[in-house]
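# Working through the structure, step by step
One letter stands for each residue in the lines below.
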Amino acid sequence: MTSISFLDKLVNYLSNEYSDKLSEITIILPNRRARVFLLDKLKNRHNQYFFAPKIISVEDFVQELAEIRAIDSIELLFEFYTVYLGLTNEKDQTFEQFSNWAKTLLQDFNEIDRYLIEPNYVFSYLKEIKALERWDLSIDKKTELIDKQLEFWNKLPLYYDTFYNYLKEKKIGYQGLIYREAVNNLEFFAQNVKSSKLVFAGFNALNQAEEKIIQHLLAVGKAEILWDADKTFLNDPLHDAGLFIRRFREKWLYYKKNSFEWIVDEFSEEKKIEIIGTSKAIGQAKIVSNLIADIISSENNSTLDKVAIVLGDENMLIPILHSLPSNVGSLNITMGYSSKNNPIQILIFKLFKMHNNAISRNADSYLFYYKDVLDVLCNPVVEGFVDAAELIKTVKKNNYTFITHSKVVSLQQNSTALFDLLFQKWTDKPIAILERINQILIIIKKYLDTDSEEEKILRSFLFSIFKVINKLISYCSQNEYVDSAQVLYSIYKEVIDVAEVSFEGEPLSGLQIMGVLESRVLDFDTVIITSMNEGKFPAGKTTNSFIPYDVKREIGLPTFKEKDAIYTYHFYHLLQRAKNIYLLYNTESDGLDGGEKSRFITQLEVEKQPNHFLSHTILQPEVPNIAYETISIPKSESVITRLKEIATGKGFSPSALTTYIRNPIQFYFQRVLSIRETEEVEENIALNTLGTIIHRTLEELYKPYLNTFLSITDIDFMMALADEEVLKQFKEVYKEGEVKKGKNLLAFEVAKRNIFNFLKAEKVEIEKGDAVKVLNVEISLERILEDVRLPFPIKIAGNVDRIEIRNNKIRIIDYKTGKVEKKHLAVTDWNGLVLDIKNEKIIQLLTYAFMYEQQANGLEIEVGIISFKNMKAGFMPFEFKKEKDTFTVITPEILDEFKSELVILLNEIINVHIPFEEKHN
């Protein structure tokens, strides 16, 4: 048996019952979307021109009945604040503070009016509850805060009445107010209605006002109502999908004399239901993509017109759009999508942050924080239209932690109108700022000139923010208290919470992507529902209301029980006429976002119909047997050529050799491929930068005294210049980075203290009688290593921090800003020296000795380290311990032993048969 959709059935009924007077009737549907589909089906039913009936949504119908225009949440919030300011003396409560509670109160006003509850009864009830909560507080224990809280509850009737009358006078309102006024106008409307018949079709849950309106129109013979009730749910007294319709059938007087239309038996028909669990949102998006691809490729389903993707969580929209196959063709999105996640909104948020931070630092100099600048320039929306690569490179290279407005403008090459608007100062009035943002949006829109789905969606995002900005312009022009960018931002943050994105598409063809509520009245052959998890589908018990649960039950307001029943109906209605159903849920537990599947899935499995073919699978990404596979890179001919270039050209440095020992792959990337880490702004001075500053400071201090024996006076003179030299080196090495505050100030002081301690120790040694002549500082050395065990001569080259003659011995010194201890510099056995990274300092020191040996002119050589974090140890020489003897002088025998180990290491590096293998130290 082939199911007929509800709208097809409705068209058949209307054509038969009202064939001659279709244009005289009015059809009221649950939403606007269904109107387009119904009109299309009416058109297809008739072969000739005809006057169509009036088709409107129930909200539009009620607005006509009430003669009041609905306003959106943003406008409503602004209007309420205007009323609030006129009623209270608390002028210091900002819009941001006000909106924190006003959004919730407006929702309660709406519910009270939609269900026709007497407002003063509700507010007096709440007031008494709050007073009882404080009944044990004697007068002297009451605080100003408690008094203000009780005063707030006392004022609720005043807020409601004043706001209600204010909106009513302006002929605007929220949904609840419109419904209440519609009920008040019902008698007059029923007597003067122009349509011969009002047909309500496809409804389920009705609020009290809707019930009253429909029942009255039924009673006076002006209307009829056609339900879409499946007997599976209607005849089960415990099934929530039929909760409301059962209640209406039992309680409405109309059904004492009239039949209940329509009851169908569609849900029990044959269906294939696949329940699929997978990891996270991206897993669901990929499965949706595969399902759509399979539908497109199947012979019997070449079209996607009867396929719907229903999102249980709006945040699934973007992952799914990015995952859909490229051959999907036409696409229609109909759902509420929060502007908070809108990529254009994220750009505007970054702009507010950048400019407000600049103003708060110093409005005159207008200092930008580098991260704020990069956030704007690297935003995906801006990045494609503004070429700021050189500006970004300069900021990173020069460590601009804070950068002036004028500097940003001067650094940008080939400036564009968009760039100028992004970085124009926000020191003028809020309206001018908003108009500038509008200009930015208009320029971006001009760039979005293709018909690709991605750009269509981006245009929808852009238009939603454009509307918000225009509302803010209108509001700011009428309210003088919005007098700064900071106040404007606080208002923007609040209104963006209630703003939504509206998408445009092809409603009658192609793939349909929709939210749960948008699926009302519509039927599809294939339905894919995502986010079938508890807390998502259904949404859970979270209620944003000042009215407690038990009070709602008492006065007849809907609770989570009724809201769950609405979700249940929508879910089962989606399944009612579908043939192929795919239910996707997240199996992973992410904190509060648990991996528990929806109760609807369990309910389907428990209440399985005879003709339903259910399958339940868990699809997880393929996990390799090995969590991480070690990288191995064979030495190709080009790699060997490159190694020979290094060996015979600039040579292998001590640090390159120790890099290879630490991790051959790192050596390959850094030395063979010459890949360096991406340059980033160093907001806080890194240890290697601090080391460079100390090295360069000592170099500059000692340069004037090279090749002369140092005196105490020389050291005193260096100490006098040290602080100034440290600052100079900070500015040269750290570029434009800030050194006068925060962690960098501490690093600056550490550098000064290290230099002072070093010079102080030097002075003490000279006072004790050491004869010190510094020969070189920061000198480059090199030497060719020729050995029969090597296939060709190899150059060893590197920089030495300091070479001196001390007490008639050559001393080669390596400065270390980290902590080094004497035990790290001793060797007892040469075997395996180059195999262990813990010997890296020994290898470096002996390499220095090898390179300098020929220049020693017969003098004994010592090599060692001075550790700035271990200054009390002084100069720590390399030591070779043999039995009970300890040698600190580098003898030819020691160098021969070291060269043998060095040859082993070099042979391994240039051996074509030994690949670069990754090490995990």
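In what follows, the accompanying structure is described. (Residues numbered from 1 in each chain as written. Predicted model: local features only at pLDDT ≥ 70, side-chain atom pairs only at ≥ 80, totals over all residues. Heavy atoms only, no water.)

### So, the overall build of the protein
Going by this rule: A run of H or I in DSSP becomes a helix once it reaches four residues, and a run of E becomes a strand once it reaches two; helices and strands are each numbered from the N terminus. Our radius of gyration is a C-alpha quantity, and the globule rule it is checked against amounts to 2.2 Å times the number of residues to the power 0.38. Accessible area is worked out with a 1.4 Å probe on protein chains only. A residue is then buried under 20% of its type maximum, exposed over 50%, and partly exposed in between. Contacts between residues were defined by any pair of non-hydrogen atoms, one from each residue, lying within 4.5 Å. Residue exposure ignores everything except the shown protein chains as possible cover, and the areas themselves are Shrake-Rupley values with a 1.4 Å probe. A residue counts as positive if it is Lys or Arg and as negative if it is Asp or Glu; His and the chain ends are not included. One atom stands in for each charge, and that atom is NZ of Lys, CZ of Arg, CG of Asp or CD of Glu.
Scanning the protein for helices and strands turns up 35 helices and 29 strands. For the protein, the C-alpha radius of gyration of 39 Å lies well beyond 29 Å, the compact-globule estimate for 921 residues. The principal-axis extents of the C-alpha atoms in the protein amount to approximately 125 × 70 × 60 Å. Looking at the protein as a whole, 51% of its 921 residues qualify as buried. In the protein, of all internal contacts separated by at least 6 residues, the share reaching a separation of at least 24 is 77%. As displayed, the protein has an accessible area near 44,400 Å², and 49% of this comes from carbon and sulfur atoms. Charge separation in the protein, taken as the distance between the mean sites of 112 positive and 132 negative side-chain charges, equals 2 Å.

### What about helix 4 (residues 73–87)?
In plain terms, the rule: In a helix, the anticipated span is given by 1.5 Å times the number of residues less one. We call two N or O atoms a polar contact when they sit within 3.5 Å, provided that within protein one can donate a hydrogen and the other can accept it, with sequence-adjacent residues counted only if both atoms are side-chain atoms.
Look at helix 4: 21 Å from first C-alpha to last across 15 residues, which is about the 21 Å you get at 1.5 Å a residue. Turning to helix 4, its buried residues are Ile 74, Leu 76, Leu 77, Phe 78, Glu 79, Phe 80, Tyr 81, Val 83, Tyr 84 and Leu 85. Between a side-chain oxygen at the N-terminus of helix 4 and the backbone nitrogen of Ile 74 the separation is 3.2 Å; the capping residue is Asp 72.

### Quick notes on empty space enclosed by the protein
Selection rule: Using a grid of 1 Å spacing that covers the protein atoms alone, one calls a set of points a cavity when a 1.4 Å probe fits there but cannot get out, and a pocket when the set is open and has protein on both sides within 12 Å along at least five of seven lines; lining residues are those with an atom within 4 Å of a point. Grid points are joined across faces, edges and corners, and a volume is the space filled by probe spheres set on the points. Classification used: nonpolar for Ala, Val, Leu, Ile, Met, Phe, Trp, Tyr, Cys and Pro, charged for Asp, Glu, Lys and Arg, polar for all others including Gly.
Per the stated rule, a full pass over the model turns up one cavity of 30 Å³ or more. Along its surface, the largest cavity is lined by Asp 228, Ala 229, Asp 230, Phe 233, Leu 234, Ala 241, Gly 242, Ile 245, Tyr 569 and Gln 576. Counting only elements with at least two residues in the lining of the largest cavity, the list comes to strand 7 (229–230), helix 11 (231–234) and helix 26 (560–576). A breakdown of the residues in the lining of the largest cavity according to their chemical character gives six nonpolar, two polar and two charged.

### Regarding the sheet that holds strand 24 (residues 826–827)
For the record, the criterion: At least two bridges found by DSSP between two strands are what make those strands a pair.
Taking strand neighbours across the sheet as the criterion, the three strands line up as 24-27-28 in an open arrangement whose pairing is mixed. Two strands bound the open sheet, and with one partner strand each, they are strand 24 and strand 28 (885–887). The sheet contact formed by strand 24 and strand 27 (residues 879–882) spans two bridges and is parallel. In the strand pairing of strand 27, Ala 826 is matched with Glu 879.

### A short note on the pattern of salt bridges
The line we're drawing: Salt bridges are counted wherever a side-chain nitrogen of Lys or Arg sits within 4 Å of a carboxyl oxygen of Asp or Glu.
Counted under the stated rule, the structure contains 48 salt bridges. The shortest N-O distance in the salt bridge between Asp 770 and Arg 806 comes to 3.1 Å. Note that Asp 770 is positioned in the loop between helix 33 (742–767) and strand 21 (772–785) and Arg 806 in strand 22 (residues 794–806), a separation of 36 residues in sequence. According to the relative accessible area criterion, Arg 806 is buried, its value standing at 7%. Between Glu 804 and Arg 802 there is a salt bridge whose closest N-O contact spans 2.6 Å. Put simply, Glu 762, Asp 770, Arg 802, Glu 804 and Arg 806 are held in one network by salt bridges that share partners.

### Quick look at the environment of Leu 859
For Leu 859, the position within the fold is in the loop between helix 34 (840–852) and strand 25 (861–867). The sequence separation of Leu 859 and Tyr 255 amounts to 604 residues, and the corresponding C-alpha distance is 117 Å. Not counting the four nearest positions on each side in its chain, Leu 859 is found in contact with Ile 805, Asn 808 and Ile 810.

### Description of a nonpolar patch on the surface
Using the following cut-off: Patches here: salt-bridge-free residues with over 30% relative accessible area, like charges joined within 9 Å, nonpolar side chains (Val, Leu, Ile, Met, Phe, Trp, Tyr) joined within 5 Å.
A grouping of Phe 669, Leu 673 and Ile 675 is seen on the molecular surface, where their side chains present a nonpolar patch of about 240 Å² in accessible area. Along the chain, Leu 673 turns up in the loop between helix 30 (664–672) and helix 31 (687–702).

### Focus on the side chain of Glu 699
Summarising the element assignment, Glu 699 is placed in helix 31. Dropping the residues within four chain positions of it, Glu 699 is found in contact with Val 777 and Glu 778.

### Remarks on the sheet that holds strand 21
Spelled out, the test is: Angular values range over 0 to 180 degrees, each being the angle between N-to-C directions of two axes fitted as lines to C-alpha atoms, with helices fitted over their stretch in contact.
What the five strands build is an open sheet, ordered 21-22-23-25-26; its pairing is mixed. Whereas interior strands pair on both sides, the edge strands pair on one side only; in this sheet they are strand 21 and strand 26 (875–877). Between one strand axis and the next, the sheet turns by 40° as a mean value, whatever way the strands run. Sheet topology note: the strand 25/strand 26 ladder contains three bridges and is antiparallel.

These results come straight from atomic positions and should not be treated as a statement about function.
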